[in-house]
Every structure is written in structure tokens, then in C-alpha cells.
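Read off the chains here:
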Amino acid sequence: MFHLVEKLVEYFRTQMRTDPDMASAVAAIRTLLEFLRRDKGETILGLRESLKWATDCLTEVDSSVAVSSGGELFLRFISLTSLEHQDLSRCKKVMEERGELFLEKISLSRTKVAKLCHTFIKDGAKILTHSSSRVVLRVLEKAAAEKKRFTVYVTESQPDTAGKQMADALRRINVPVTVVLDAAVGYVLEKVDLVIVGAEGVVESGGIINKIGTYQMAVCSKAHNKPFYVVAESFKFVRLYPLNQQDVPDRFKYKADTLRTVSDLSDEHPMIDYTPPSLITLLFTDLGVLTPSAVSDELIKLYL
Amino acid sequence: SSILHIAAVVVSGTSVVVYMYTWCLSSSIHISAVVVSMFSTIICGFLFLLVVKRLPEHVQVDDPAVVKRLAKKLERQQIPLRSDYGYKVSLFSHLHQYSRKAPLTQQLSIPSTVIHPSIVRLGLQYSQGIVAGSNARSVALLHAFKQVIRDYTTPPNEELSRDLVNKLKPYISFLNQCRPLSASMGNAIKYIKKEISNIPSQCKEEEAKTKLLTCIDRYIEEKIVLAAKAISKYAIEKISDGDVILVYGCSSLVNNILCEAFEKSRKFRVIVVDSRPRLEGREALRRLVQRGISCTYVLISALSYILPEVSKVFLGAHALLANGYVMSRVGTSQIALVARTFNVPVLVCCETYKFCEKVQTDSFVSNELDDPDDLMVTRKGKTQLENWQDVSSLGLLNLVYDVTPPDFVDLVITDLGMIPCTSVPVVLRVKNLDQ
């Protein structure tokens, strides 16, 4: 069993390495699909169990919300198949086909999101964004391709200074960008017209889980009456319902190796925070432009 | 009314023809023709007004025409009309206000041939407040209907599916007179009526009766008992060790959740908030303390004092409306408002059978007025407000329900899962698809 875990993790890491632009959830789903292909189980129930176990293994490697939600969605997607066909080999074939279809669909999701969102960026706009998000980058690339002129403020986003990577990527497409301190968000907000952030997970209430510092930015933009937009693909929708910051499970708050090595988490700093739906104006997803209350509607359609 | 419809259509048709005829004559438009066509359109307008479909009546006690219609309907069903009591505050004068001083049998003469005795007993229990709480009232109603079905025999040349529904109508009017029906009772009655009308005509009477009885048992089992178990399962995930939970009044569902959580060894303490005149919190307090849960008891006036200690608020609901508003015991919206100000999460627990298609944005349009004499309190031998009826400018208001907007509610826990308050219409739509 142990070498199976190793092979799984190795495959996952290879996927992430070969295409750094791919979302971690997509890599997880690819890995699960490969696992499904190589699985030698005899029963459908055994298959489900082993897939669940594989998802747990992957969550231990990369404890982001997206991996967990992607895995759950994949499981959901294929378990609907298992109800239709009784024969295991046929079932597996249909599952593989559907898995491929699912992967194809979600690889197009970022383009769809960019197409919906770039119209909200007007000529001469000043945009504030947080940390490094590949979806936001795609949106800004599309807006630049549409010959719109805009400037971007990126927060540095400690502790991993991911904001600098975002700034480099934007400079490469000739967008004027300024890196600001996390503490300067309130200062900069009077200059900006809109705030766009990505999300690691979208929860049932319509709120989002994202890099720490997002909640602060949302509260400040509410106080300044600036629109706060979130861009996320639909596979990031997760069946979680946090009531406040404390309610987010620990397994998402900290990095995977922190959870493994450190016993007392009260000294550790969380990497993510929860932004409640009342602070979000609109969510741009490949299912369309949604208000936070419509997210629950979509989730019910996906999961029920 | 269909004859009137046809007549209206015919008259309007002829008037249109006359118009066209005069228009075609173009040069000489006879004034008489124009007058005739105008007259005919006015007449068919009147006819349409007479036959237009009326919306189901809301309670409108201050409109004498509506009261007369209600009285005629009750007379037709041979149900006595209960008279209102006391001076009503003007904003709520469209609602009924009944007195509980004299028992119902002294106020009305209830014809025992028309109304089944178990329904009479149920009506008395409702009017005196012996059976209170939305789950308890629905279950009691369903048990009484089971007894009615057991004692029912189809008259000759009648079909069970139509006759039984007609038999139930006067019972429902009677129960409405004793105490206005709750949303959960309304949904239960709709379900029973649907089940009865779906009985195939070739079904034998005994078979049909057993089928109906099992349907009712299944409804109670699924929608109330099992739903409570499912809701406790979800709610217990939200209770963590060290929590201080605030509850208001006595909700059977919330008490159930807290007792289950205590069984699963969660460490928490409860603050029970209570209000006059019902003082239902005392019953909740009794039930929780019996299980060994450490509780604090305050009145609602101490709410802002106690809220900084609270980590979560659990509220029960009487009904969840289609626009996401929560209808519950009066005082609930106050608790939700103050909890929101203190940033304390508010969780509402409600079974899906209490979801109703009504839309309400305020507590005035549709509510219930309880006996105003309940507000009189006797302390140290002196009764305050004893002679309130003599003071012409004084009105006592004893409201039963109020409506909480969805912005104050963080989470609704139902048997289908945890949903935000704005997703109630989605659940209603999904349920309608299932049916």
C-alpha cells in the first residue's frame, strides 16, 4: 500500500511541475483519473473507497481547499455513473470517459471566467488584487488583449511574498503594476476603482476561502464602497459552511507539512482566511456571473 | 360563473364587430353606433369584474364584507362563529383577537353531529394553549385526522376521495376558529388532501383507510421525527467544546439538538432567554437542566448585557417564508438583530415541512393576536392593568409571531443540510420537482 501512496504523490507532483499554470485541483483530478485507470479493484464500493482514500492522500500532500473540493467533485461526478451500470468493467470505462470529459470541461473554465470578467474592467481603471492568482492573471491578460488601459496594485502578501510573482507576470505583459505592503490596503483603496481577487475555495454560504489578508481587503473595500469581485472556477465550490474564522477546519488553515510536524498549532500562523458573503459583490465563475446567494443554488444543483 | 364568462366574451365580440363596421363605413360614423359599442364594452367590463378569479382571502376582520362572507361560509358548514374580544390596536385591527377566560364550550355551541369529537377535543386543546408549539400542534392534528379516518364510512353513491375531503373542510374551519392555523399545519393539511384525492376510485374502503393511515404515520415519521435526527446530526458539527449557546423560548427541535450534543459529550453551556407573557423559556430550562446541562436564565431585557459572553445563537422557527424571512415567536427578530450587532452567528433550525410559499416582509400583515388579558400581572395581591377595558384610549397588544429578515440569520439547518437563508426558494423548487 505504501508504494502506491508514493506513486500517487509522485504522479501528482509531476503534474504540478510539468504545467505550473494548472490549478492544483486539476492536477489532483488528473491523478485520481490515472489512479482509476490503474485500479485493480473488483467491486464498485471498493473503487469508491479507494478513490476516497486517494483523495485523502493527496490532501495530505497539498492541504489546499481546492484539492479537497476537486477530489470530492470528481467522486460525485463518477458515483452518479455507478448507479447506472451494473457491470464493473463497463462502469469503469464509462467513468474514465466521463472523467476525461470533466477534465476537458474544467480546463476551459479559466477562459470562460476571463471572458465574463474582462468587461467589468473599464478603460483607465485602477485595480487592486491580493497575492498571486492565476485566474486573476488570466482575466487581466484578456483585458490587456482587448486593448484596455489599466493599472494594478498588488499586495506583497507575506509570509511567502507571492505578490511579487504576480507583479513580474504583469510586467511581462506591459501592465503598469505597483507592489504595496499588506498594511497599505486601506491607504491605497481610495485610489482604486475595483478589487478583484481569486479564491482557493468557494463555500456554501457564498463566501470564499483565500490567502490571508483577503478578509481585511474585503472589509476595507466595503467601508470605501468599492466593488469586491471574486473570480473562481466552479470546481472550487466546496461543501463547507464556516460561521466565522474559527469555524474553518484546521486542515485547510495550515500547510500540509506544518500539520504533520507541529503538535501545538496555536503558535502557527494560518495561511488562509474566510471572507463572508456580505462583503462580496459578485462572483465570476464558468457557470456565469453569480451573486453570493446564488452560489448555494448552484451547489444544490451540483450536489443534490 | 362560466356562463357569465361566455356572455362577457360574446358581448365584447359583438362590440368589436360593431366598431369595425362603423370604422369601415369611414366617411359617415354614426354617433349612435359609437354609443352602442361604448355601452357594450362598459357592460362586458362589469361582467369581467364580477367573474374575475378572487385570490384566497387573507384575514380581514375590519372589512365588514369579508366578515359577512366568512359568516355565511361558516353558517353553510354549520360551524359557530367565534366573536372577537376587547379593543384592538389599530395597526392589527384586521386580525382576530379571542379571549381565553371562558372555555370554548361556554362561548360557542358546538354541534356534535357535524364535528367529530376528536376534532372538538383538539380545538379545545388549541384554544386553551394545552397543545402549543408548531410540531406538537401538527402531530396532534394528524393524530386527530387519523381518528376521523378510522371512524369514517363512505355514504352510498359517494366516492371516498371526494367525500372525505369535503368532510374535512368544516373541521378545518372549526380549528381555525379555535386558533388560527399555523404554516406547518397548513402544509400537513395540503398533504392529506392530496393523498386522499389520489386514492383510486376502485379502491375498497378498508384498503383506502389503511393506506391513508400509513401515509399519515409515514409523514410524521419522515418529516418530524427523522428530520429532527438529521438536523441534530448537522447541528452537532457546529457545536464545539467551550461554546456558550443562547436559546430563546422553548423550541422542541433546539432542545433536542442540545440534549443530543450533550449526550455526545460536547462541553458547552446554555443561556436561556425568556419573555413575558408566555414564559416558555422556563419549560426549556426545565428540560435542559434535567439532562444535566449547565444553564443560565435571563429575561429578554438583559439580552445586550449577556451577549458578549455568547458564542452562538440557536433559534427555532415556526415557518420559513419563500423570500427567506423567518417567522418565529415574537422576540426572535430582536435577538437576531442584537446578535448581529455583536457579530455572534445566528443559526436557525427548521424542518423542511415548515417551509411555506408565503412572502412577508413585516410582522403586521399576517400575525396572530393572543388574549390581551395575559398581559395583566398580579404581584403582591395587586393586579396591574385590571381595568384596562374602562380606559378608552388604552389597548393591550399580545403578539404571537414576528418575522426576521435573512440578513440577520447566518445559517439555516434543515434536514436537507445547511443552507443560507436566501436558498429557501431553491429548496421549495426542488421539493415541488420531487412531487
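Below is a summary of the structure that appears in this document. (Residues numbered from 1 in each chain as written. Chains lettered and ligands numbered in written order. Predicted model: local features only at pLDDT ≥ 70, side-chain atom pairs only at ≥ 80, totals over all residues. Heavy atoms only, no water.)

**Brief notes about the overall build of chain B**
Step number 1: Counting secondary structure elements, chain B contains 14 helices and 12 strands.
Step number 2: Residues counted as buried form 47% of the 435 residues belonging to chain B.
Step number 3: Counted over contacts in chain B with a minimum sequence separation of 6, partners at least 24 positions apart contribute 78%.
Step number 4: Accessible area for chain B stands at about 22400 Å²; split by element, carbon and sulfur atoms hold 58% of it. (Helix = DSSP H or I, 4+ residues; strand = E, 2+ residues; numbered from the N terminus. Buried < 20%, exposed > 50% of the residue type's maximum accessible area, 1.4 Å probe, protein only. Contact = heavy atoms within 4.5 Å. Areas by Shrake-Rupley, 256 points an atom, 1.4 Å probe, with all protein chains shown as cover.)

**So, the overall build of chain A**
Step number 1: Of the regular secondary structure elements, chain A holds 13 helices and 10 strands.
Step number 2: Against the globule reference of 19 Å for 304 residues, chain A gives a C-alpha radius of gyration of 20 Å, in line with a compact fold.
Step number 3: The principal-axis extents of the C-alpha atoms in chain A amount to approximately 60 × 45 × 35 Å.
Step number 4: Within chain A, the proportion of its 304 residues that are buried is 53%.
Step number 5: Taking the intrachain contacts of chain A between residues at least 6 apart in sequence as the baseline, contacts between residues at least 24 apart amount to 75%. (Rg over C-alpha atoms; globule rule 2.2 N^0.38 Å.)

**Remarks on the nonpolar core**
Step number 1: With 46 residues, the main nonpolar core has B:Ile115, B:Ile119, B:Leu141, B:Phe145, B:Leu168 and B:Phe174 as its most contacted residues.
Step number 2: Of the residues forming this core, the biggest block, nine residues, is contributed by helix α7 (residues 160–178) of chain B.
Step number 3: When near neighbours in sequence (up to four residues on either side) are disregarded, B:Ile115 contacts B:Ile79, B:Ile110, B:Val120, B:Tyr171 and B:Phe174.
Step number 4: Core analysis: the next-biggest nonpolar cluster, separate from the first, contains 34 residues, A:Ile300, B:Ala317, B:Val409 and B:Val426 among them. (Core = buried A, V, L, I, M, F, W, Y, C linked by side-chain atoms within 4.5 Å.)

**Some details on unusual backbone geometry**
Step number 1: Between A:Gln158 and the following residue, A:Pro159, the backbone shows a cis peptide bond with an omega angle of 5 degrees.
Step number 2: With an omega dihedral of -5 degrees, the bond running from B:Arg276 to B:Pro277 counts as a cis peptide bond.
Step number 3: As for its placement among the helices and strands, B:Pro277 is situated in the loop between β2 (268–274) and α11 (281–291).
Step number 4: For A:Lys147, which is not glycine, the phi dihedral falls at a positive 65 degrees.
Step number 5: Judged by relative accessible area, A:Lys147 falls into the exposed class, the value being 71%.
Step number 6: For A:Asn225, which is not a glycine, the phi torsion comes out positive at approximately 60 degrees.
Step number 7: One can find A:Asn225 in the loop between α10 (214–223) and β7 (228–231).
Step number 8: Judged by relative accessible area, A:Asn225 falls into the exposed class, the value being 71%.

**Quick notes on the interface of chain B and chain A**
Step number 1: Contact with chain B, which involves 14 residues of that partner, is made by 11 residues of chain A.
Step number 2: If you sort the residues of chain B by the area they bury against chain A, B:Lys238, B:Pro420 and B:Val426 come out on top, with a joint share of 33%.
Step number 3: One can count two salt bridges joining chain B with chain A.
Step number 4: Measuring nitrogen to oxygen at the nearest pair gives 3.2 Å for the salt bridge that ties B:Arg429 to A:Asp297.
Step number 5: On the surface where chain B and chain A come into contact, there are five residue pairs in polar contact (both at pLDDT 80 or more).
Step number 6: Class assignment of the residues belonging to the side of chain B that touches chain A gives a composition of eight nonpolar, two polar and four charged. (Buried area = accessible area lost by both parts, 1.4 Å probe. Salt bridge = Lys/Arg side-chain N within 4 Å of Asp/Glu carboxyl O. Polar contact = N/O pair within 3.5 Å; in protein donor to acceptor, adjacent residues only side chain to side chain. Nonpolar A, V, L, I, M, F, W, Y, C, P; charged D, E, K, R; others polar.)

**A look at the sheet that holds strand β10 (residues 288–290) of chain A**
All names here are of chain A.
Step number 1: Read from one edge to the other, the open sheet built from seven strands follows the order β3-β2-β1-β4-β7-β9-β10, with strand pairing classed as mixed. Strands with a single pairing partner mark the edges of an open sheet, and in this sheet they are β3 (177–180) and β10. Each neighbouring strand pair of the sheet contributes to a mean axis angle of 25 degrees, computed without reference to strand direction.
Step number 2: The pairing of strand β1 (residues 125–129) with strand β2 (residues 150–155) spans five bridges and is parallel. Residue Ala-125 lies in a different strand from β2, and its bridge partner there is Phe-150.
Step number 3: Sheet strands in contact with helix α6 (residues 109–117) are β4 (194–197), β7, β9 (282–285) and β10, and its direction is about 135 degrees off that of β9. (Pairing = 2+ DSSP bridges. Axes fitted to C-alpha atoms, helices over the stretch in contact; angles between N-to-C directions.)

**Description of the packing of aromatic side chains**
Step number 1: Scanning the entire structure with this criterion turns up eight aromatic pairs over all chains.
Step number 2: Between the aromatic rings of A:Tyr229 and A:Phe284, the centroid separation amounts to 5.4 Å while the plane-to-plane angle is 75 degrees, which identifies the pairing as edge-to-face. Pair noted here: A:Tyr229 is in strand β7 and A:Phe284 is in strand β9, with a separation of 55 residues, a long-range link.
Step number 3: With a centroid separation of 6.4 Å and an interplanar angle of 90 degrees, the aromatic rings of B:Phe262 and B:Phe268 are classed as edge-to-face.
Step number 4: By relative accessible area, B:Phe262 is classed as partly exposed at 30%.
Step number 5: Relative accessible area serves as the criterion here: at 7%, B:Phe268 is assigned to the buried category. (Phe/Tyr/Trp six-rings, centres within 6.5 Å; stacked < 30°, edge-to-face > 60°.)

**Examining the pairing of strand β1 (residues 243–248) of chain B**
Residue and element names in this part refer to chain B.
Step number 1: When you tally the buried positions in β1, you get six out of six residues, the bulk of the element.
Step number 2: The alternating pattern of β1 places Asp-243, Ile-245 and Val-247 on one face and Val-244, Leu-246 and Tyr-248 on the opposite face, and all of these are buried.
Step number 3: Bridge count for β1 against β2 is six bridges, and the pairing is parallel. Looking at β2, one finds that Val-244 is bridged to Arg-269.
Step number 4: Looking at chain direction, β1 and strand β4 (residues 312–316) are connected through three bridges and run parallel. Each residue of the ladder has a partner; that of Ile-245, found in β4, is Lys-312.

**Considerations on the pattern of salt bridges**
All names here are of chain B.
Step number 1: Following the criterion strictly, the structure yields 35 salt bridges over all chains and no others.
Step number 2: Between Arg-286 and Glu-283 there is a salt bridge, with the nearest N and O atoms lying 2.8 Å from each other. In this pair, Arg-286 and Glu-283 are both assigned in helix α11, three residues apart and thus about one turn of the helix distant.
Step number 3: Classification of Arg-286 by relative accessible area gives partly exposed; the value is 46%.
Step number 4: Taking relative accessible area as the criterion, Glu-283 reaches 28% and is therefore assigned partly exposed.
Step number 5: A salt bridge links Arg-340 to Asp-410; the nearest nitrogen and oxygen atoms lie 3.7 Å apart. One end of the pair, Arg-340, is in helix α13 (residues 332–341); the other, Asp-410, is in the loop between β10 (401–404) and β11 (411–414), with 70 residues separating them in the sequence.
Step number 6: With relative accessibility at 21%, the residue Asp-410 sits in the partly exposed group.
Step number 7: Bridged by salt links that share partners, the residues Arg-100, Arg-278, Glu-280, Arg-329, Asp-370 and Asp-374 form one connected network.

**Things to note about a nonpolar patch on the surface**
Step number 1: Residues B:Val35, B:Phe39 and B:Ile43 make up a contiguous nonpolar surface patch of about 290 Å² in total accessible area.
Step number 2: Mapped onto the elements of the fold, B:Val35 is located in helix α2 (residues 31–51). (Patch = residues over 30% accessible without salt bridge, like charges linked within 9 Å, V, L, I, M, F, W, Y side chains within 5 Å.)

**Digging into helix α3 (residues 44–61) of chain A**
Step number 1: An ideal rise of 1.5 Å per residue puts 26 Å on 18 residues; α3(A) measures up with 26 Å between its terminal C-alpha atoms.
Step number 2: Listing the buried residues of α3(A) in full gives A:Leu47, A:Ser50, A:Leu51, A:Ala54, A:Thr55, A:Cys57, A:Leu58 and A:Thr59. (Expected span 1.5 Å × (residues − 1).)

**Details of the environment of B:Ala230**
Step number 1: Inspection of the secondary structure puts B:Ala230 in helix α9 (residues 205–237).
Step number 2: Taking the C-alpha atoms as reference points, B:Ala230 and B:Glu351, separated by 121 residues in sequence, lie 9.5 Å from one another.

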